[in-house]
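# Geometric and topological summary
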Amino acid sequence: MTLILTCLTKDFIVQASDRRISDIKANKMQWYDDQSNKALVYKKQFVFAYTGQAKIPIRKNGLSTYISTIDWAAEQLSKGKDLDDAVNNLKYRATELMNSNQVRKLPGYKRRIAFVGAGFDEVERGSKRIRRPVRIIIENCLEDDGTLLDQPRDGFKNHYDPLKNCDAALYI
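The following refers to the structure shown. Computed from a predicted model, the values in this text were never measured in an experiment. (Residues numbered from 1 in each chain as written. Predicted model: local features only at pLDDT ≥ 70, side-chain atom pairs only at ≥ 80, totals over all residues. Heavy atoms only, no water.)

## Observations concerning the overall build of the protein
Helix and strand counts for the protein come out as 3 helices and 12 strands. Against the globule reference of 16 Å for 172 residues, the protein gives a C-alpha radius of gyration of 17 Å, in line with a compact fold. The buried share among the 172 residues of the protein stands at 43%. The contacts of the protein with a sequence gap of at least 6 include a subset with a gap of at least 24, amounting to 54%. For the protein, the accessible area works out to roughly 10400 Å², and carbon and sulfur atoms hold 49% of it. Distance from the positive charge centre (29 side chains) to the negative charge centre (22 side chains) of the protein: 4 Å. (Helix = DSSP H or I, 4+ residues; strand = E, 2+ residues; numbered from the N terminus. Rg over C-alpha atoms; globule rule 2.2 N^0.38 Å. Buried < 20%, exposed > 50% of the residue type's maximum accessible area, 1.4 Å probe, protein only. Contact = heavy atoms within 4.5 Å. Areas by Shrake-Rupley, 256 points an atom, 1.4 Å probe, with all protein chains shown as cover. Lys, Arg positive; Asp, Glu negative; His and termini not counted. Charge placed at Lys NZ, Arg CZ, Asp CG, Glu CD.)

Laid out in structure tokens, this is it:
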């Protein structure tokens, strides 16, 4: 499983994840790719990474095929007119995908996915628009306290975590 490290400060955002893809075969973890991309940049202001299944089954032109999870997420995010719309589109399309016949039959551990975004969101304060650092999670596999669910939910949730009144926050 990928760990996504995210650091928010008033002045900058840092997010890091590994590039290794692994699979479970005969109850043993096997690595098969150390060069996969698990992150993307959204509109030059946000980064997103994922943890979970590396390739997901989709229907394209009436045929079943597999697509990289991060490429699929980039496509879904690109359909939003702004950050909120993009995040909600990703949430709804991920829910739809996880409830499709081709994904629903997969074991629970292959249906757990979390997308973690970090960047600067613009909010209005009085008559001013200010940039605030924020972490966004779109997931189907976490309890409210952050622990992993035994089985993924049928629906994805969005979580917004803006930087509070402190200098920095680190999330793992």
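## Overview of helix α1 (residues 69-78)
Of all the residues in α1, the buried ones are T69, I70, W72, A73, Q76 and L77. Along α1, the residues classed as buried sweep out an arc of 155 degrees about the axis, all on the same side. (Arc of directions from axis to C-beta.)

## Comments concerning the sheet that holds strand β6 (residues 46-52)
Read across the open sheet, the 5 strands follow the order β5-β6-β9-β10-β11; overall the sheet is antiparallel. Edge strands, defined here as strands with exactly one partner in the open sheet, are β5 (39-42) and β11 (157-162). Ignoring which end each strand starts from, the neighbouring axes of this sheet average 30 degrees apart. By the bridge criterion, 6 bridges tie strand β10 (residues 128-139) to β11 in an arrangement that is antiparallel. For R135, the partnering residue across the bridge sits in β11 and is D161. Sitting on the sheet, α1 is in contact with β5, β6 and β9 (113-125), with an inclination near 15 degrees to β5. The strands that helix α2 (residues 83-98) touches are β5, β6, β9, β10 and β11; relative to β11, the one it contacts most, it runs at about 150 degrees. (Pairing = 2+ DSSP bridges. Axes fitted to C-alpha atoms, helices over the stretch in contact; angles between N-to-C directions.)

## Thoughts on the packing of α1 against α2
Direction vectors running N to C along α1 and α2 enclose 130 degrees, while the axes themselves pass 7 Å from each other. Judged on the interaxial angle alone, α2 and α1 are oblique. Regarding α1 and α2, the two cross each other, and that crossing is right-handed. Contacts between α1 and α2 involve W72, A73, Q76 and L77 from the former and A86, V87, N89, L90, R93, A94 and L97 from the latter. Considered class by class, the residues forming the contact of α1 with α2 number 8 nonpolar, 2 polar and 1 charged. (Parallel < 35°, antiparallel > 145°, perpendicular 65-115°, else oblique. Left-handed = near helix turned anticlockwise from the far one by under 90°. Nonpolar A, V, L, I, M, F, W, Y, C, P; charged D, E, K, R; others polar.)

## Examining the pairing of strand β7 (residues 55-60)
Taken residue by residue, a regular strand's side chains alternate between the two faces of the sheet. Pairing geometry for β7 and strand β8 (residues 63-68), over 6 bridges, is antiparallel. Across the sheet, K60 pairs through a bridge with L63, a residue of β8. Linking β7 back to β8 in an antiparallel pair, the connection comprises 2 residues, with N61 at a positive phi of about 55 degrees.

## Observations concerning the side chain of N89
Considering the arrangement of structural elements, one finds N89 in helix α2. The exposure class assigned to N89 is buried, which follows from its relative accessible area of 15%. Dropping the residues within four chain positions of it, N89 is found in contact with Q76 and K79.

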